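Descriptive analysis of the structure
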Amino acid sequence: MQTRNFGSTDIAVSPLGLGTVKLGRDVGVKYPEAFTIPDDKTAAELLALAKDLGINLIDPAPAYGNSEQRLGPLLTGQRNNWVICSKVGEEFDNGESRFDFSAKHTRFSIERSLKRLNTDWIDIVLVHSDGNDLDVIEHCGALEELEKLKDRGLIRAFGVSTKTVEGGLLAAKQTDAVMATYNLSYQDEQPIIDYCRSHNKGLLIKKAFASGHFCQEGEDPVQQSMDFIFSQPGVSSAIVGTINPQHLIANVNAVNKALAQR
């Protein structure tokens, strides 16, 4: 995989990123099939495969159970090989999500993530919105604190994982990046993709396969999905979570084929 610029930042990302929900959390998730969290050996093998396939972008979060705690040791000695995109704002405790977008919690969360990930910096940090995007962006203090942390060199870029078109557009105007939902069955956030393309903002796609519920029409829904997503020149990378090596290989092949057709 050839990396591409992440908006106007100096970060280069692979067009496919590895989501890590399934490395750290198996409750309160919306996947259609049950799964078992892999042990450290299996997780290390998955990361090695991802690296060999050309993936450099990895996506943990405090809300993804112990994904950050696990990745810290697993990435020992490899930090410069990976672009880490983590998050702030959402916590997951005792089977429930709770949200705190204050400046104080944002600072605490970043300092905790740095320790968990055993790193001196996090490349990309996204505010994990609860759906009240405009209020989170305009009134809660998280973005202002992330700007300060960027100035201190603790993070390299920041943005918002949004849930509304209005929030995505505002986040794109005020930050380095947006994570938006876009797939074969949901295109409401097309205006965000268009804005990011025209203003050179980093754009990550979540739920590329609709959390495993993607359209089953046609012979190859994975290829259909990647062809659809990467027909959009504004997309920096699609984040897809998997712990299945065969699925990971198939996803990479589909992305490479989609990009070769452009």
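Described in the following lines is the structure provided in the data block. Small disclaimer: the values here were computed from a predicted structure and weren't measured.

With that out of the way, let us pick up the overall build of the chain. Regarding its fold elements, the chain presents 10 helices and 12 strands. What you see for the chain is a C-alpha radius of gyration of 17 Å, in line with the 18 Å of a compact globule of 262 residues. Projected onto its principal axes, the C-alpha positions of the chain cover 50 × 40 × 35 Å. Taken over 262 residues, the chain has a buried fraction of 53%. A separation threshold of at least 6 residues defines the contact pool for the chain, and within that pool the share at least 24 residues apart is 74%.

In this structure the tally under the stated criterion is 2 aromatic pairs. Judged by centre distance (5.8 Å) and plane angle (25 degrees), the rings of Phe99 and Phe101 are stacked. Relative accessible area serves as the criterion here: at 36%, Phe99 is assigned to the partly exposed category. Using a relative accessible area of 8% as the deciding quantity, one classes Phe101 as buried. Here Tyr182 and Phe228 contribute two aromatic rings whose centre-to-centre distance is 4.9 Å and whose plane-to-plane angle is 15 degrees, an arrangement assigned as stacked. Here Tyr182 is found in the loop between strand 10 (177-181) and helix 8 (190-199), whereas its partner Phe228 is found in helix 9 (residues 221-229), with 46 residues between them in sequence. On the basis of relative accessible area, Tyr182 is assigned to the buried category, the value being 1%.

What follows covers the environment of Val27. Inspection of the secondary structure puts Val27 in the loop between helix 1 (21-24) and helix 2 (40-52). When the C-alpha atoms of Val27 and Tyr64 are compared, they prove to be 9.8 Å apart, with 37 residues separating the residues in sequence.

Let us look at the sheet that holds strand 3 (residues 16-19). Here 8 strands make up a closed barrel; going around it, the order is 3-4-5-8-9-10-11-12 and the pairing parallel. The average angle at which neighbouring strand axes cross in this sheet is 30 degrees, direction not considered. The pairing of strand 10 with strand 11 (residues 202-206) spans 5 bridges and is parallel. Residue pairing for strand 11: Ala180 is matched across the bridge by Ile205.

In this structure, Ser113 sits in helix 4 (residues 103-117). Look past the residues within four positions of Ser113 in its chain and what remains in contact with it is Pro62, Glu68, Ser86 and Ile122.

Quick look at unusual backbone geometry now. We note that Asn118 has phi near 55 degrees; this positive angle belongs to a residue other than glycine. As for its placement among the helices and strands, Asn118 is situated in the loop between helix 4 and strand 8 (122-128). Residues other than glycine seldom take positive phi values, yet Lys207 does so here, at roughly 55 degrees. Considering the arrangement of structural elements, one finds Lys207 in the loop between strand 11 and helix 9.

As a further point, take the nonpolar core. Membership of the largest hydrophobic core comes to 58 residues, with the highest contact counts inside it found for Val127, Leu146, Leu203, Ile205 and Met226. Ranked by residues supplied to this core, first place goes to helix 10 (residues 245-260) with 5 residues. When sequence neighbours within four positions are dropped, the list of residues in contact with Ile205 reads Ala180, Tyr182, Ile193, Ile229, Val235, Ser237, Ala238 and Ile239. Val13, Val83, Leu126 and Ile239 belong to the second-largest nonpolar core, a separate cluster that totals 13 residues.

With that settled, consider the pattern of salt bridges. For the coordinates displayed, the defined rule picks out 12 salt bridges. Here Glu68 and Arg116 are joined by a salt bridge, their closest N and O atoms 3.4 Å apart. Remark: Arg116 occurs in helix 4 and Glu68 occurs in helix 3 (residues 67-74); sequence separation between them is 48 residues. Of the residues examined, Arg116 reaches a relative accessible area of 22% and is grouped as partly exposed. Measuring nitrogen to oxygen at the nearest pair gives 2.7 Å for the salt bridge that ties Arg156 to Asp123.

In a packed pair of helices, the relevant descriptors are the angle between the two axes and the axis-to-axis distance. Put simply, helix 2 and helix 10 touch, their axes get as near as 10 Å, and they point 15 degrees apart. In terms of orientation, helix 2 lies roughly parallel with respect to helix 10. In terms of crossing hand, the pair formed by helix 2 and helix 10 is right-handed. For the pair helix 2 and helix 10, the contacting residues are Leu46, Leu49 and Ala50 in the first and Pro245, Leu248 and Ile249 in the second.

In total, this model carries 0 disulfides according to the counting rule given. Cys85 carries a free sulfur, and the closest cysteine sulfur to it, the one in Cys196, is 13 Å from it. Since its relative accessible area comes to 0%, Cys85 is described here as buried.

Reading the values: the criteria
Residues numbered from 1 in each chain as written. Predicted model: local features only at pLDDT ≥ 70, side-chain atom pairs only at ≥ 80, totals over all residues. Heavy atoms only, no water. Helix = DSSP H or I, 4+ residues; strand = E, 2+ residues; numbered from the N terminus. Rg over C-alpha atoms; globule rule 2.2 N^0.38 Å. Buried < 20%, exposed > 50% of the residue type's maximum accessible area, 1.4 Å probe, protein only. Contact = heavy atoms within 4.5 Å. Phe/Tyr/Trp six-rings, centres within 6.5 Å; stacked < 30°, edge-to-face > 60°. Pairing = 2+ DSSP bridges. Axes fitted to C-alpha atoms, helices over the stretch in contact; angles between N-to-C directions. Core = buried A, V, L, I, M, F, W, Y, C linked by side-chain atoms within 4.5 Å. Salt bridge = Lys/Arg side-chain N within 4 Å of Asp/Glu carboxyl O. Parallel < 35°, antiparallel > 145°, perpendicular 65-115°, else oblique. Left-handed = near helix turned anticlockwise from the far one by under 90°. Disulfide = S-S within 2.5 Å.

No statement about biological role is implied by the geometric values presented.
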